[in-house]
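Each chain is listed here by its residues.
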Amino acid sequence: AQSVAQPEDQVNVAEGNPLTVKCTYSVSGNPYLFWYVQYPNRGLQFLLKYITGDNLVKGSYGFEAEFNKSQTSFHLKKPSALVSDSALYFCAVRDYNAGNMLTFGGGTRLMVKP
Amino acid sequence: KAGVTQTPRYLIKTRGQQVTLSCSPISGHRSVSWYQQTPGQGLQFLFEYFSETQRNKGNFPGRFSGRQFSNSRSEMNVSTLELGDSALYLCASSLASRRGGQETQYFGPGTRLLVL
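Anyway, here's the lowdown on the structure attached to this text. No experiment lies behind these values; they were computed from the predicted model shown. (Residues numbered from 1 in each chain as written. Chains lettered and ligands numbered in written order. Predicted model: local features only at pLDDT ≥ 70, side-chain atom pairs only at ≥ 80, totals over all residues. Heavy atoms only, no water.)

## What about the interface of chain B and chain A?
Link 1 in the chain: Of the residues lining the interface, 23 residues belong to chain B; the matching set on chain A comes to 21 residues.
Link 2 in the chain: Counting the contacts that link chain B with chain A gives zero salt bridges.
Link 3 in the chain: Inspection of the region where chain B meets chain A yields seven residue pairs in polar contact (both at pLDDT 80 or more).
Link 4 in the chain: Listing elements by their share of the side of chain B that touches chain A, those giving two or more residues are β4 (31-38), β5 (42-50), β6 (53-57), β9 (87-94) and β10 (106-107) of chain B.
Link 5 in the chain: The leading source of residues in the side of chain B that touches chain A is β5(B), at three residues.
Link 6 in the chain: For the side of chain B that touches chain A, the residue count by class is nine nonpolar, eight polar and six charged. (Contact = heavy atoms within 4.5 Å. Salt bridge = Lys/Arg side-chain N within 4 Å of Asp/Glu carboxyl O. Polar contact = N/O pair within 3.5 Å; in protein donor to acceptor, adjacent residues only side chain to side chain. Helix = DSSP H or I, 4+ residues; strand = E, 2+ residues; numbered from the N terminus. Nonpolar A, V, L, I, M, F, W, Y, C, P; charged D, E, K, R; others polar.)

Okay, here's the thing in structure tokens:
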């Protein structure tokens with residue numbers, strides 16, 4: 001079975017400071033990892049994914065994520081946070097052997113204060 | 001290219017009724033997946049359809065069903081609604097030509113269902 005953990009329900013950061021949203025995963029096979037963002041009353045918006053290759057993945061809106069196989073982590077990062085980045089962030093994993101089903105973490109609310 | 005569309009956006013039903021939600025995928029996408037989002041359980045996978053066939057199913061009771069049409073549009077149906085079915089139902093589409101592919105799932109805005 002595959003699972004995802006987002007250990008922080010909320011992350012607070014000041015505008016202009018770097019941000020990190022943590023994610024750890026568990027799969028039996030090779031993982032495909034994804035980050036999505038959800039704004040109020042909206043669906044999920046794709047940010048970035050890791051499939052294979054370079055462990056540092058760059059995505060939309062200046063976000064990036066680092067895949068760490070030994071620590072089974074896929075933390076989301078951004079060098080300089082914006083107030084408009086405030087939203088709910090979801091990490092998701094797909095096990096290559098488990099079809100196309102995404103398993104999501106519980107979500108982390110990011111609050112960026114001016 | 002137009003994104004994933006879902007109708008209706010909001011729905012209010014009473015216990016015991018049934019409901020049908022609709023999803024139109026991105027043009028060219030043949031895989032459609034459905035997820036339920038609730039504050040208590042988070043995001044949970046319902047099922048996936050590809051080429052009019054259910055390819056994968058989550059751990060939900062048989063009251064939850066779906067289908068896919070030849071144009072890849074999909075519907076999900078919930079019969080005998082319960083209060084606990086109140087949720088945001090999200091549809092996602094992808095190319096997903098085979099199981100376990102690398103393709104990204106793109107989500108629609110969701111249908112918010114309230115069961116009274």
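## Overview of unusual backbone geometry
Leaving glycine out, the prevailing phi sign among residues is negative, and the prevailing peptide bond configuration is trans.
Link 1 in the chain: In this structure, Pro8(B) follows Thr7(B) across a cis peptide bond, with omega equal to -15°.
Link 2 in the chain: Along the chain, the position of Pro8(B) falls in the loop between β1 (5-7) and β2 (10-13).
Link 3 in the chain: Positive phi, normally seen in glycine, also occurs at Asn41(A), with a value near 60°.
Link 4 in the chain: Tracing the backbone shows Asn41(A) in the loop between β5 (31-38) and β6 (44-50).
Link 5 in the chain: One non-glycine residue, Thr72(A), adopts positive backbone phi at about 45°.
Link 6 in the chain: Relative to the elements of secondary structure, Thr72(A) occurs in the loop between β8 (64-68) and β9 (73-78).
Link 7 in the chain: On the basis of relative accessibility, which here comes to 31%, the residue Thr72(A) falls in the partly exposed class. (Buried < 20%, exposed > 50% of the residue type's maximum accessible area, 1.4 Å probe, protein only.)

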